[in-house]
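One-letter residues, chain by chain:
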Amino acid sequence: MAAAQDGPWLDGAAGRLVRPYTVSNGRTRPTTAMDLLSLVMATGTTPVGYLGPEHSEALDLCLEPTSVAEVAGHLRLPAAVTKVLLSDLVDCGAITTKPPMFHENPTDRSLLEAVLDGLRRQL
């Protein structure tokens, strides 16, 4: 039986009722380059044409700058599928994307220390 907050897409015994590739219409490659740490944010532009319920959910999650990884986690979809959905939203002008500030130097000491501090707070 599906949990109330999961909606019709999940079933407690069967798992996901709609396969991820059907959410992206079988597409596996986004039209916009982004990685898991890329930040996405809504532009305020209303998308033209039909968008599925996952697109609408993703757009709602992008009201504040949010990472692709966070959107994927909230949608409970694989990152590859989430990137396709988000690239659809970029293509229609509903969201923008930008690489994280440390994209040029991902092994920056201050970044690693910040991650370590965050992990320590969680424990």
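Structural data are supplied above this passage.
The paragraphs below set out a description of the structure included in this document. Quick caveat, the model's predicted, so the values are computed rather than measured.

**A word on the pairing of strand β3 (residues 39-42)**
Taken together, the 2 bridges between β3 and strand β4 (residues 66-67) define a ladder with antiparallel strand orientation. Residue pairing in the sheet places Val-40 in a bridge with Thr-66 of β4. Pairing analysis gives 4 bridges linking β3 to strand β5 (residues 95-98), with the strands arranged antiparallel. Along β5, the bridge assignment pairs Ala-42 with Ile-95.

**Some words on helix α4 (residues 79-91)**
With 13 residues, α4 ought to run about 18 Å at 1.5 Å a step, and its terminal C-alpha atoms sit 18 Å apart, in line with that. Of the positions making up α4, those classed as buried are Val-81, Thr-82, Lys-83, Val-84, Leu-85, Leu-86, Ser-87, Asp-88 and Leu-89. Directly beyond the C-terminal end of α4, a positive phi value near 80° is found at Gly-93.

**Re the packing of helix α3 (residues 68-75) against α4**
Close contact between α3 and α4 brings their axes to 9 Å; oriented N to C, the two are set at 105°. If you check the angle between α3 and α4, you find them roughly perpendicular. Side by side, α3 and α4 meet where Val-68, Val-71, Ala-72 and Leu-75 of the first sit next to Ala-79, Thr-82, Lys-83, Leu-85 and Leu-86 of the second. When its residues are assigned to classes, the contact of α3 with α4 shows 7 nonpolar, 1 polar and 1 charged.

**Some remarks on the environment of Leu-75**
Following the sequence through the fold, Leu-75 ends up in helix α3. Leu-75 sits 17 residues away from Ala-58 along the chain, and the two C-alpha atoms are 7.3 Å apart.

Conventions used here
Residues numbered from 1 in each chain as written. Predicted model: local features only at pLDDT ≥ 70, side-chain atom pairs only at ≥ 80, totals over all residues. Heavy atoms only, no water. Pairing = 2+ DSSP bridges. Helix = DSSP H or I, 4+ residues; strand = E, 2+ residues; numbered from the N terminus. Expected span 1.5 Å × (residues − 1). Buried < 20%, exposed > 50% of the residue type's maximum accessible area, 1.4 Å probe, protein only. Axes fitted to C-alpha atoms, helices over the stretch in contact; angles between N-to-C directions. Parallel < 35°, antiparallel > 145°, perpendicular 65-115°, else oblique. Contact = heavy atoms within 4.5 Å. Nonpolar A, V, L, I, M, F, W, Y, C, P; charged D, E, K, R; others polar.

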